[in-house]
Amino acid sequence: MSSTDSNNRLHTTALSGQTLCVTGVLLPGNEQPQDITIVDGAISSIDASGTRTADNIETIDAHGCHAYPGLIDLYSRCREPGLTRKGNIATESIAALSAGFTTVLCSPDTLPAVDSVATVELINHRSMNVRGGARIIPMAALTIGLDGEQLSELATLKAAGCPVASQADRPIENTTVLYSAMEYASSFDMPLLLCARDAQLGVDGCAHTGAVATQLGLPTIPVAAETVALTRLVELCSETQVRLHISRVSSARALRIIKDAKAAGLPITCDVGIHHLFFIDEYLAGYDASFHSAVPFRSADDRQALRDGLSSGVIDAVCSDHAPHDVDAGLAPFPVTEPGLAAYDWFMPLLLQLPQITGLDLDALMKKLHDVPADILGQQSGSGISVGGAANFFVLDKHVTCNVQPSITLSAGSNNPLALHDAKALSLSPLKGAVTLSFCDGWATRFNVNS
Amino acid sequence: MSLPDPQFNAAGTLQHFIDLQGLDADTLTRILDTAEGFTGINDRKIKQVPLLRGKTVANLFFENSTRTRTAFELAAKRLSADILNIDLVTSSTSKGESLLDTLRVLESLQCDMFIVRHADSGAAHFIARHVAPHINIINGGDGQHSHPTQGMLDVFTIRRHKGDFSNLCVVIIGDIKHSRVARSDIAALTILGAGEVRVVGPKTLMPSDVESMNVKVFSSLDTALKGADVIISLRLQKERMKNATVPSSGEFYRTYGLSPQRLALAKPDALVMHPGPTNRGVEIAGSVADGAQSVILEQVTYGIAVRMAVMSIIMGNSDAMSASRISNNTTTTDAQL
């Protein structure tokens, strides 16, 4: 069983009953090309390339390419249910796959929010029915309707398939509720994934507090909106010992707080959205709404601190913060455009620029998108590409020129500055690199990267 | 990197008038000189010139305004344009129509120029980027960002009284943070080379990194007023008392109100200005607003000449552009957007 999408951008094949060999591919930590044989969706052998003669099985030539375990996205939005004019599980899970992800944690800020088993089952069902496509894992809404008042049925939601609970971008204002939520979640060893933002400070803002917002007359979000909230989360974590993952850190001062909390032995991890490692508030000049992000792009110093934090290990992981939108969401004066960037179609070429700016090598970087998220999800980490294991990996061509056409992105949203500006104008190196092949949950998907 | 300035057309001339930032001293001076020529029109028997005859100007006010709208209306009429006043505060937007849809409908009314006021910063930029190429946009105030014709009429008033800008010390008092007038005044004065621009107010009313706009920041009004040639008092909105920005209008007057005693700290010939409407006894004493140094009502009068200048220059550029388009027989219209 196989199929090709209407724009001829990818071709998907079921692995059930099939034998397939990916030849000449480079694995992490090994400079010798390998042949990976996949039988019935599982890796049956990994051999030095060419040492075993393939007997009449289908081969895919991957010489010069790298294979990595399927990445895990710690924060994304598929917009389903309820916001399907912006995207859906079918489109976004395929787009995620093209970015190297095979597992995607989805924000609970759907309509309705992910606060009932019915919604979890709907998402799971839709995800299972996508041919290929990254596995979509819904996060539980920590409170009913994300209203910050009444706790969701966390134990029930965990049993239904939500390994993590989150408040999306809606802070819990009532400290008693937040304290209680942490205690309750920790009873079931359920990690919380929370974004540090104050419920009042900067709540009407749409840009980092600084000279750029002052000149543009935009309402602002000060760094203190993040650090005040973060300090509160850290203190409550210290008291409740809940496993706490701080989602999408944006400032140098926030990183200092997290560094201290980790040094004190608290069970805290954190991530950064990929775009925050590249973009800063200066890019908003001229009211460019493609840079409107709920977690604002801050100063050049903050960006440098985020890059340093990634290489030093204060930042544990990188997420996409993928937020696809319909075109109308961006057709308004800047403050009333809907915030968020669609990340997936440009994710891999951006990721491949991180070694140059952080000093981390690519293998170490890929671990931050696999091992750490796997720990948070309570999955077994390890190499992920091993004999006997399910085929759950992707093949990366680092050198192919990335030429995304905004009119035919795989994501339903093309709301990204790179759809409007060329890389050089954004102080980026030329965009290179693409996932050419991905194995996920019994499917092989080949991406036509030159189409 | 940033998006291109939407004010300029392909020929590099001003197609829209949205933001003083990005304009040069020559452009501003040309507007002031043109406005100078229009000031005499009030003394004529027939207060009209035919520069915009046959053109239709639409006032699109998405936010309430009486003064600015009236001044634009009068300016358009004196230029012999037809003027439409479209009240958008209570109509389309409240019915859920998007700004872009509203714009398309108004384009279909075959107007030549839109005067736009909107509560969101950046609204005029947005409209200029999306409007049909034959329409000119003049920003009548967008959120907290810009009110360029107010900025121009303020520097016009100052030039009339003081001549040269280079030796002037201008003090702007009060709510700088939320004021589009302050931002446009600062821009206009800086571009025209004013000697020193000071801003003064409590930190709650001062935007972050305001020094980046080439101003000196003061928190004491008494200190700021020393040596001032021009004093611009800004309106304090009543809602500032609600969200813990300022404790009360009484305290504001005691600390930042322009009283006769404080005015005496400035140079004896200092001008007193205010964009209106004034809150007497809040940001300015009634006796100062009505006093000999006040030019507040002159500002209103000059506002008409300045807006006539802006409208005629913009429309002139646009007509020249259309003429060249026809003569070159090019088909650049759609491609420009």
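Note that the structure is predicted; figures quoted are calculated from it, not measured.

Asks: Break down the nonpolar core for me, citing the residues and quoting the values.
Replies: Judged by nonpolar contacts, the single largest core of 103 residues is most densely connected at A:Leu244 and A:Leu351. When residues of this core are assigned to domains, at least three map to each of domain 1 (2-67 + 388-409 + 431-447) and domain 2 (71-377) of chain A. Here A:Leu351 is in contact with A:Leu71, A:Ile274, A:Leu365, A:Met366 and A:Leu369, once residues within four sequence places are set aside. Of all hydrophobic cores here, the second largest spans 64 residues; its members include B:Val57, B:Leu168, B:Leu234 and B:Met273.

Asks: Can you explain the side chain of B:Ser259? Please cite residues and give values.
Replies: Relative to the helices and strands, B:Ser259 resides in the loop between helix H8 (249-256) and helix H9 (260-263). Apart from residues lying up to four places away in sequence, B:Ser259 is in contact with B:Tyr253, B:Ala285 and B:Val288.

Asks: Please provide a residue-by-residue account of the packing of aromatic side chains, values included.
Replies: Applying the stated criterion to the full structure yields 12 aromatic pairs over all chains. Ring plane angle 35° and centroid distance 6.1 Å describe the contact between A:Tyr68 and A:Phe394, whose orientation is recorded as tilted. Pair noted here: A:Tyr68 is in strand E7 (residues 66-69) and A:Phe394 is in strand E19 (residues 393-401), with a separation of 326 residues, a long-range link. You can call A:Tyr68 buried: its relative accessible area is 3%. A connected cluster of aromatic rings, assembled from ring pairs, spans A:Phe279, A:Tyr283, A:Phe291 and A:Phe297. Over the ring of B:Phe72 we find B:Arg307, and its NZ or CZ is 4.8 Å from the ring centre.

Asks: How would you summarise helix H3 (residues 99-107) of chain B if you had to cite specific residues and measurements?
Replies: All names here are of chain B. Burial in H3 covers these residues: Leu99, Leu100, Thr102, Leu103, Leu106 and Glu107. Taken around the axis of H3, the buried residues stretch over an arc of 160°, which confines them to a single face. The inward-facing, buried residues of H3 abut strand E1 (56-61), strand E2 (82-87), strand E3 (113-118) and helix H4 (123-130).

The rules behind the values
Residues numbered from 1 in each chain as written. Chains lettered and ligands numbered in written order. Predicted model: local features only at pLDDT ≥ 70, side-chain atom pairs only at ≥ 80, totals over all residues. Heavy atoms only, no water. Core = buried A, V, L, I, M, F, W, Y, C linked by side-chain atoms within 4.5 Å. Buried < 20%, exposed > 50% of the residue type's maximum accessible area, 1.4 Å probe, protein only. Domains from an automatic or database assignment. Contact = heavy atoms within 4.5 Å. Helix = DSSP H or I, 4+ residues; strand = E, 2+ residues; numbered from the N terminus. Phe/Tyr/Trp six-rings, centres within 6.5 Å; stacked < 30°, edge-to-face > 60°. Lys NZ or Arg CZ within 6 Å of the ring centre and 35° of its normal. Arc of directions from axis to C-beta.

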